[in-house]
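Architecture and fold: a report
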Amino acid sequence: MKNALSMKDETTYDRYPVYRGDDLELTYSPEGSSFRLWAPSAERVRLRLYGAGGGGGPLLTWPMDASSDGTWTAELPGDRKGLFYTFGIFYDGRWLSETPGVRAKAVGVNGDRAAIVDLRETDPEGWEKDLRPPMSSPTDIVIYEMHHRDLSIAPDSGVKHKGKYLALTEEGTRSAEGLATGLDHLKELGVTHVHLLPSFDFGSIDESRLQDGVYNWGYDPKNYFVPEGSYATDPYDPAVRIREFKQMVRSLHRNGIRVVMDAVYNHTHRTEESNFSLTVPGYCSRHEDDGSFSDATGCGNETASERAMMRRLIVDAVCYWAEEYHVDGFRFDLMGVHDIGTMNEVRRALDRIDPSILLYGEGWTAARSPLDESLRAVKRAGPRLPRIAVFGDDLRDALRGGWGDSTEPGFVSGKSGLDRNVRFGVVGATAHFQVGFDSSGDSPVAYGGHSAETINYVSCHDDLSLVDKLRASAPEGMTEEELVRFDKLAQTVVLTAQGIPSLFAGEEMLRTKGGVSNSHDSPDRVNRIDWSFKADHKDVFDYYRGLIALRRTHPAFRLATAAEIERHLRFLDTGDTHVVAYRLVDHAGGDPWREILVVYNGARAEKRVRIPPGDWHAVCLDGRIASEALAVFSGDSVPVPASSALIAYLP
């Protein structure tokens, strides 16, 4: 279907002027408010002021004047704080629907009107003293991916502000069984970064009807510079969502946890009615040859990051969240839709703010894109995306079975022939002389020269939970005890492999979504964390916590460069595709342990593995983990129980 607003030669967009000033859209002061909108294709532009964020007619309609580099301006004297505004664009002989613009910093209910606020009045007490928790190296990171509602909405969460930003400001919350929940749970687990699913203003929740309890992941971008209102205690007051988001960040920082924000710049919630299309029709989207919207996202459209003002918006938005909200990292949804130049510019801009800010994304698209493959920020472009990490789906699929087939088993549940991909994950997707590659296209290709450029994981929000996947792909005769063993083994690999590990919230207590994979709009009963699981599976929680503590204590599991990994990590020849074993030698990374032995047994039977000589002190054995030796063994081989890991060291 052709799109009337985008039936334009693509080269026309390249001829649009680029505005380089820092005063786009609203500049507020008590003396007056200045407006500058970039709308180079507009024939006329008008500004409207309103007394409320929704409903009622305009208090004032003001024509804007054509200005430099495709912008339109208006100056309104006097203190306009507390009012709301929209822009109207006259294009192709008609007035388009009103829009808050594409850079609104505050909005009313449902984000339909921008708001005039004094941002300094939204800062919580002590905000100017808020600091990012210290971090020495990106490989020190342990990510916990969570959704605001999932973490706290259950009746047994013990959290007062259920499903809200403020849930992560509450300390001392407990489940019905008396175990830590919410913020205290995150601290107890030991994660370093919380990855928040989309928290910008998105369009799939009606903020005026929150009593309906409608759920959505939030991958429906509407206003990129503003927090989502449904997670605030009052979505009608523009300052509340801003202040409460900052309170959440401050609370996490005070408790030693950094904040990663999901960045969804690859598409918009609406297409022809998006704020982009209503401001500069056609410019911010890619199109097919017939003028229809291209759709590499599977969401009806894809943004054109390679165009100068769209690229600038992405860079400016990320920097705004890092500076105004003190966000510590960004996970780019479908990063492969974006061009390499834009992602590298984002990295450079963040480095100017703080080089420790984390940047990573999905190195793929959901469908074909008109942007040439050679220009896209996909996994294979890793060497051209320095210090930008990608998700290691090769390791994910090897450990628990392929993403595309829920019934396909993986290494941890007994499937053979996956040892090479497991080894590839162990070295952080870097090039290693003991990980074979061929030219068939079946082997993974090293993503970069630094292990921090790979995110290791076995499940995330957009998939079956790990337990659900293991159940769906269960080998014949699998018992519940085996299920737990499979689960523990999978996360042992993730948390001891080189790179950056990421956990899906609730996995540490065997979270289930009842077999629902794409639960983006499933109800809370599917998506919420059931905190009774923590008591029911305390052994699993303690194991995960022990793995995280082991990783954070021992730098051998957090080597940075490919050269370090190749120098210190030596795979053992097990002669069995069900078993992957390796040594970390010579006080790797300055580790206090002289040598570390790691064995992953993916077979459903005990395996005997040949080992180097020495008195080995086992700290992980048969599904147990401890800070001190569980056993000491020596000899030329060691038995490794079925579906389990062995980690031992030489002092």
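Notes on the structure in this doc start here.

Turning our eyes to something else, we now look at the overall build of the protein chain. When helices and strands are counted, the protein chain shows 15 helices and 28 strands. A compact globule built from 651 residues should have a C-alpha radius of gyration of about 26 Å, and the protein chain, at 26 Å, falls within 12% of that. Here the C-alpha coordinates of the protein chain stretch approximately 85 × 55 × 45 Å along the principal axes. The proportion of buried residues among the 651 residues of the protein chain is 62%. Counting contacts in the protein chain only where the partners sit at least 6 residues apart, residues at least 24 apart contribute 71% of the total. Summing over all exposed atoms, the protein chain offers an accessible surface of approximately 23,200 Å²; the carbon and sulfur share of this is 48%. Across the protein chain, the 74 positively charged side chains and the 97 negatively charged ones have centroids separated by 1 Å.

Below, the discussion takes up the side chain of H267. Structurally, the position occupied by H267 is in the loop between β14 (258-263) and α5 (275-279). A residue is classified by how much of its surface remains accessible, and H267, at 1% relative accessible area, is buried. A polar contact of 2.7 Å, which involves the side chain of H267, links it to the side chain of N266. With near-sequence residues (within four places) excluded, H267 lies in contact with Y219, P221, Y224, T297, C299, N301 and T303.

To continue, consider the nonpolar core. If you look at the biggest cluster of nonpolar residues, it comprises 139 residues, and the most contacted ones within it are F330, F332 and Y600. With 11 residues, helix α6 (residues 308-324) is the single largest residue contributor to this core. Leaving out residues up to four positions away in the same chain, F330 has contacts with V260, M261, V318, W321, A322, L350, I357, L358, L359 and Y360. Residues Y28, A39, L96 and L278 belong to the second largest nonpolar core, which totals 23 residues.

For R545, the location among the structural elements is in helix α14 (residues 538-553). Separated by 217 residues in sequence, R545 and D328 place their C-alpha atoms 23 Å apart. For R545, the residues in contact, after removing those within four places along its chain, are E188 and L189. Within polar-contact distance, the side chain of R545 engages the side chain of D542 at 3.3 Å.

Quick look at unusual backbone geometry now. Located in the positive-phi region is D92, a residue other than glycine, with phi close to 55 degrees. For D92, the location among the structural elements is in the loop between β7 (84-91) and β8 (94-95). The class of D92 is exposed, set by a relative accessible area of 55%. The backbone of H587 shows a phi angle near 50 degrees, a positive value even though the residue is not glycine. Judged by relative accessible area, which is 35%, H587 ranks as partly exposed.

With that settled, consider the layout of surface pockets. Empty space left among the atoms is revealed by rolling a probe the size of a water molecule over them. The volume enclosed by the largest pocket comes to roughly 680 Å³. Every residue lining the largest pocket is counted, 26 residues in all, and those nearest its centre are D333, L334, E362, W403 and D462. Within the lining of the largest pocket, the residues separate by chemical class into 10 nonpolar, 8 polar and 8 charged. One number sums up the size of the second largest pocket: a volume of about 540 Å³. For the second largest pocket, the lining is made up of 19 residues, of which D22, L24, L26, K105 and Y320 are closest to its centre. Listing elements by their share of the lining of the second largest pocket, those giving two or more residues are β1 (25-29) and α6. Along the lines of polarity and charge, the residues of the lining of the second largest pocket split into 9 nonpolar, 1 polar and 9 charged.

Pairing within the open sheet is antiparallel, and its 4 strands lie in the order β1-β2-β6-β5. Either end of the sheet is taken by a strand with one partner, and the two such strands are β1 and β5 (65-66).

The next thing to look at is the packing of helix α3 (residues 182-189) against α14. For the pair α3 and α14, the least separation of the axes is 9 Å and the interaxial angle reads 55 degrees. The orientation of α3 relative to α14 falls into the category oblique. Residue-level inspection shows H185, E188 and L189 of α3 in contact with α14, the latter providing F541, Y544, R545 and I548. A breakdown of the residues in the contact of α3 with α14 according to their chemical character gives 4 nonpolar, 1 polar and 2 charged.

This part is about the pairing of strand β6 (residues 71-77). With 5 of 7 residues buried, β6 lies mostly within the body of the structure. Relative to β6, β5 runs antiparallel, the two sharing 2 bridges. Counted as the bridge partner of D65 is T73 from β6. Between the end of β5 and the start of β6, which pair antiparallel, lie 4 residues, with D69 showing a positive phi angle near 50 degrees.

Moving on to the environment of R485. Relative to the helices and strands, R485 resides in helix α11 (residues 480-496). Placed 117 residues apart in sequence, R485 and G602 show a C-alpha to C-alpha distance of 9.8 Å. Setting aside its immediate chain neighbours within four residues, R485 contacts D622, P641, A642, S643 and S644. Looking at R485, its side chain comes within polar contact range of the main-chain oxygen of A642, at 2.7 Å.

On to the sheet that holds strand β17 (residues 389-391). The 8 strands are arranged β10-β11-β14-β15-β16-β17-β18-β19 in a closed barrel whose pairing can be described as parallel. Direction aside, neighbouring strands of the sheet carry axes that sit 30 degrees apart on average. Here strand β10 (residues 143-146) runs beside strand β19 (residues 500-504); their pairing, made up of 3 bridges, is parallel. If you follow I143 over to β19, its bridge partner there is S502. Lying on the sheet, α6 is in contact with β14 and β15 (329-332); it crosses β15 at an angle near 140 degrees. This element, α11, spans β18 (454-456) and β19 of the sheet and lies at about 145 degrees to β19.

Relative orientation of the contacting elements α6 and helix α7 (residues 340-353) amounts to 30 degrees, with a least axis distance of 9 Å. Judged by the inter-axis angle, α6 sits roughly parallel to α7. The handedness of the crossing between α6 and α7 comes out as right-handed. Residues R311, I314, V315, V318, C319, A322 and E323 of α6 form the contact with α7, whose own contacting residues are G341, T342, E345, V346, A349, L350 and I353. By residue class, the composition of the contact of α6 with α7 is 9 nonpolar, 2 polar and 3 charged.

In total, this model carries 49 salt bridges according to the counting rule given. With a closest N to O distance of 2.8 Å, R286 and E306 form a salt bridge. Within this pair, whereas R286 is found in the loop between α5 and α6, its partner E306 is found in the loop between α5 and α6, the two being separated by 20 residues in sequence. Under the relative-accessibility criterion, R286 is labelled buried at 2%. Note that K538 and D542 form a salt bridge whose closest N and O atoms lie 3.0 Å from each other. Residue K538 and its partner D542 are located together in helix α14, separated by 4 residues, close to a single helical turn. In this structure K538 comes out as partly exposed when scored by relative accessible area, which is 28%.

Rules and cut-offs
Residues numbered from 1 in each chain as written. Predicted model: local features only at pLDDT ≥ 70, side-chain atom pairs only at ≥ 80, totals over all residues. Heavy atoms only, no water. Helix = DSSP H or I, 4+ residues; strand = E, 2+ residues; numbered from the N terminus. Rg over C-alpha atoms; globule rule 2.2 N^0.38 Å. Buried < 20%, exposed > 50% of the residue type's maximum accessible area, 1.4 Å probe, protein only. Contact = heavy atoms within 4.5 Å. Areas by Shrake-Rupley, 256 points an atom, 1.4 Å probe, with all protein chains shown as cover. Lys, Arg positive; Asp, Glu negative; His and termini not counted. Charge placed at Lys NZ, Arg CZ, Asp CG, Glu CD. Polar contact = N/O pair within 3.5 Å; in protein donor to acceptor, adjacent residues only side chain to side chain. Core = buried A, V, L, I, M, F, W, Y, C linked by side-chain atoms within 4.5 Å. 1 Å grid on protein atoms, 1.4 Å probe; cavity = no way out; pocket = protein on both sides within 12 Å on 5 of 7 lines; lining within 4 Å. Points joined across faces, edges and corners; volume = space filled by probe spheres on them. Nonpolar A, V, L, I, M, F, W, Y, C, P; charged D, E, K, R; others polar. Pairing = 2+ DSSP bridges. Axes fitted to C-alpha atoms, helices over the stretch in contact; angles between N-to-C directions. Parallel < 35°, antiparallel > 145°, perpendicular 65-115°, else oblique. Left-handed = near helix turned anticlockwise from the far one by under 90°. Salt bridge = Lys/Arg side-chain N within 4 Å of Asp/Glu carboxyl O.

None of the figures reported here should be taken as evidence of function without further support.
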